[in-house]
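# Secondary and tertiary structure notes
Each chain is listed here by its residues.
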Amino acid sequence: MPAQPRVAARSRHAARDRQQREDQPALQHVPLTSAIACGKSVYRLSNNAIMRKRSVDRDLPSVNTEASQHMPARSSTEHNATEDRHSRRYDESRRLSELANTLIPGGGHTYAKGADQFPEHMPGIIERGDGCHVWDVDGNEFIEYGMGLRAVTLGHAFAPLIAAVQRTLPSGTNYTRPARIEIECAQKFLSIIPWAEMVKFCKDGSDALDGAVRLSRAYTGRDRIAICAEHPFFSTSDWFIGSTDMPGGVPQSVRAQTVKFHYNDLASLRELFALYPGEIACVIMEAARTEEPVDGYLQGVKALCHAHGAVFVLDEMITGFRWHLGGAQPVYGVTPDLATFGKALANGFALSALAGRREIMELGGSRHARERVFLLSTTHGAESHSLAAGMATMNFYQHEPVVERLYAQGKRLRTGLEQRVQALGLREHVGVVSRDCNLLYYTKDADKLPSQPMRTLFLQELLSGGVLAPSFVVSYSHSNADIDRTLDVIEGALRVYHRALEDGVGAFLQTRPVRPVFRRFA
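What you see is a predicted model; the values in this text were computed from it and never measured.

### A short note on the overall build of the protein chain
Counting secondary structure elements, the protein chain contains 18 helices and 15 strands. Counting over 522 residues, the protein chain shows a buried share of 52%. Long-range contacts, defined as pairs at least 24 residues apart, comprise 74% of the intrachain contacts of the protein chain with a sequence gap of at least 6.

If you want it as structure tokens, here you go:
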């Protein structure tokens, strides 16, 4: 990589940090005790942080609502989308992306991060991250959303976590017998998820859900799995992948073992139990995704499971540590038999968890008289630096208003976006769904139908303005200035979107359209 972009990136990064310190004099230095799992301190934004009025493009119909009047001024180090479009180059991203596709199937190790999910080479390869900002290999800087597939809730290179991991590394990472930190991390986790009696740590959501399936089958003596049709991903294993539009390599006999019901539709689940009496081992679902559960729905699912002898499993990979410190369960007033956590559990470090009732979880142990279950047993399942990151993350959540900030910053972004969408007459074409802490956007064409070309155009314009946003899911590190800068870029993208609806997307799209992950053919 040429030296100049690196120097420019560091210069811009330092200038941005200086400007933000000048723009936010109300930042308070708040010492945190050893409970933070590091010997350092962090900064917390005061409720009295100074806010200044910002101006809006004169060509845009009035959006000067009360919320937009209190947005801070944009940092002088930032540029408009037009300036960014002409200053950004992706030469090194192009080169490395081509190399990646010759070395790695799909060009990456996660399908959702693959080249077919973004406009070509915009950006192709990320070099580093700090807070909610990332820099690609060409030195281009972006404000990032949905960081690490919603795993990085605090921020990239978050100081308390880095310190906790650094203190752990000199003691080694993996031993022949369990380490003290495994017990401490389990105690910490179970103190936050008090309904659960036991926990088993692993590396990703797939491992955790696979463990839940294996336990459920052993506990009930049944084979069939019922999953929610509207929830897009549970595991990389055959029991789930065989149910998707990308089932290649999964035997038909395995595919037939997984059946689907519909969210907020108790009758559809009741029909499955009637269609497969005494066959369903467990029901797996998220508590909520883009829509909220109707009153009594989750409680009804649990009741149906127990009435028919099935295990009720909640996937809390996304809702855990984002909806609430304790996950979705205290929000909706329901406790499952088993639940899986990950993503935000360790702020992007490889750590997930399967937790639940002792009588089910213990089947994976040795203190029972039943047939043993090979639950979760991996070489790197409890390596210490991920557990240290998990403990530091949980400690930070307990001592700082992380979840409250996720909601607040998400609301600020939602409000600003909806104002601009309304002003440009695009309310039926672009918008956001889900909770403020988990904003997902949709893109529709002139016929008001979901459109991949229009999504690609929106992504293209956001990236051209320095915003990397496959979603608008915020992190703890997103400042008011970051949100407001994003809204400026969104405004420009929406203007192009409006013109594309009238003149056709082909006149504006500079790349091939992105494609769904789950598709039968390449």
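Still more ground to cover, so stick around.
### Some remarks on empty space enclosed by the protein
Using the criterion set out here, one finds two cavities of 30 Å³ or more in the structure. By volume, the second largest cavity is sized at about 30 Å³. As for the second largest cavity, its lining consists of Gly 146, Met 147, Arg 150, Val 152, Arg 322, Val 473, Val 474 and Ser 475. For the lining of the second largest cavity, a count of residues per class yields four nonpolar, two polar and two charged.

### Some remarks on the packing of helix 17 (residues 452-464) against helix 18 (residues 480-503)
In the contact formed by helix 17 and helix 18, the axes pass within 9 Å of each other and the chain directions differ by 145°. Considering the relative orientation of helix 17 and helix 18, their crossing is right-handed. For the pair helix 17 and helix 18, contact is made by Met 454, Leu 457, Phe 458, Glu 461 and Leu 462 and by Val 489, Ile 490, Ala 493, Leu 494, Val 496, Tyr 497, Ala 500 and Leu 501, respectively.

### Digging into the nonpolar core
Phe 189, Met 285, Leu 462 and Phe 472 are the most contacted members of the largest nonpolar core, which has 99 residues in total. Examining the composition of this core, we find that 10 residues originate from one element, helix 18, more than from any other. Among residues more than four places away in sequence, those in contact with Phe 189 are Val 199, Phe 201, Phe 341, Leu 345, Ala 353, Ala 355 and Met 394.

### What to know about the packing of helix 7 (residues 180-192) against helix 15 (residues 384-399)
Where helix 7 contacts helix 15, the two axes come as close as 10 Å, and the packing angle between them is 30°. Regarding the angle of helix 7 to helix 15, the classification is roughly parallel. Where helix 7 crosses over helix 15, the handedness of that crossing is left-handed. Contacts between helix 7 and helix 15 pair Ile 181, Glu 182, Glu 184, Cys 185, Lys 188, Phe 189, Ser 191 and Ile 192 from the former with Ser 384, Leu 387, Ala 388, Met 391, Met 394, Asn 395 and Gln 398 from the latter. When grouped by side-chain class, the residues that make up the contact of helix 7 with helix 15 number eight nonpolar, four polar and three charged.

### A few points about the sheet that holds strand 12 (residues 352-356)
The mixed open sheet is built from seven strands, whose spatial order is 6-12-11-10-9-7-8. Only two strands of the sheet have a single neighbouring strand rather than two, namely strand 6 (198-202) and strand 8 (258-261). Taken pair by pair, the neighbouring strands of this sheet meet at an average axis angle of 20°, ignoring direction. Bridge count for strand 7 (residues 224-228) against strand 9 (residues 280-285) is four bridges, and the pairing is parallel. Bridging from a neighbouring strand, Ile 227 pairs with Ile 284 of strand 9.

### Observations regarding the environment of Met 198
Considering the arrangement of structural elements, one finds Met 198 in strand 6. Separated by 161 residues in sequence, Met 198 and Glu 359 place their C-alpha atoms 9.5 Å apart. When residues no more than four places from it in sequence are discounted, the contact partners of Met 198 are Leu 190, Leu 354, Ala 355, Gly 356, Arg 358, Met 361 and Glu 362.

### Description of the pattern of salt bridges
The full count for this structure, using the stated rule, is 13 salt bridges. Where Glu 359 meets Arg 357, a salt bridge forms, and the shortest distance between an N and an O atom there is 2.1 Å. Look at Glu 359 and you get partly exposed, because its relative accessible area is 46%.

### Considerations on the sheet that holds strand 5 (residues 141-144)
Two pairing modes exist for strands in a sheet, parallel and antiparallel, and in both the strands are linked by backbone hydrogen bonds. Strand order in the open sheet formed by four strands is 3-4-5-15, with mixed pairing between adjacent strands. The sheet is open, and its two edges are formed by strand 3 (126-130) and strand 15 (467-468), each paired on a single side. Here strand 5 pairs with strand 15 via two bridges, running parallel. If you follow Glu 144 over to strand 15, its bridge partner there is Leu 468.

### So, the side chain of Asp 136
With respect to the helices, strands and loops of the structure, Asp 136 is situated in strand 4 (residues 133-136). At 2.9 Å, the side chain of Asp 136 forms a polar contact with the backbone nitrogen of Asp 138. One polar contact links the side chain of Asp 136 to the main-chain amide nitrogen of Asn 140, over a distance of 2.8 Å. Setting aside chain neighbours within four positions, we find Asp 136 in contact with Tyr 90, Ser 93, Pro 123, Ile 125, Ile 126, Glu 127 and Phe 142.

Cut-offs and rules
Residues numbered from 1 in each chain as written. Predicted model: local features only at pLDDT ≥ 70, side-chain atom pairs only at ≥ 80, totals over all residues. Heavy atoms only, no water. Helix = DSSP H or I, 4+ residues; strand = E, 2+ residues; numbered from the N terminus. Buried < 20%, exposed > 50% of the residue type's maximum accessible area, 1.4 Å probe, protein only. Contact = heavy atoms within 4.5 Å. 1 Å grid on protein atoms, 1.4 Å probe; cavity = no way out; pocket = protein on both sides within 12 Å on 5 of 7 lines; lining within 4 Å. Points joined across faces, edges and corners; volume = space filled by probe spheres on them. Nonpolar A, V, L, I, M, F, W, Y, C, P; charged D, E, K, R; others polar. Axes fitted to C-alpha atoms, helices over the stretch in contact; angles between N-to-C directions. Left-handed = near helix turned anticlockwise from the far one by under 90°. Core = buried A, V, L, I, M, F, W, Y, C linked by side-chain atoms within 4.5 Å. Parallel < 35°, antiparallel > 145°, perpendicular 65-115°, else oblique. Pairing = 2+ DSSP bridges. Salt bridge = Lys/Arg side-chain N within 4 Å of Asp/Glu carboxyl O. Polar contact = N/O pair within 3.5 Å; in protein donor to acceptor, adjacent residues only side chain to side chain.

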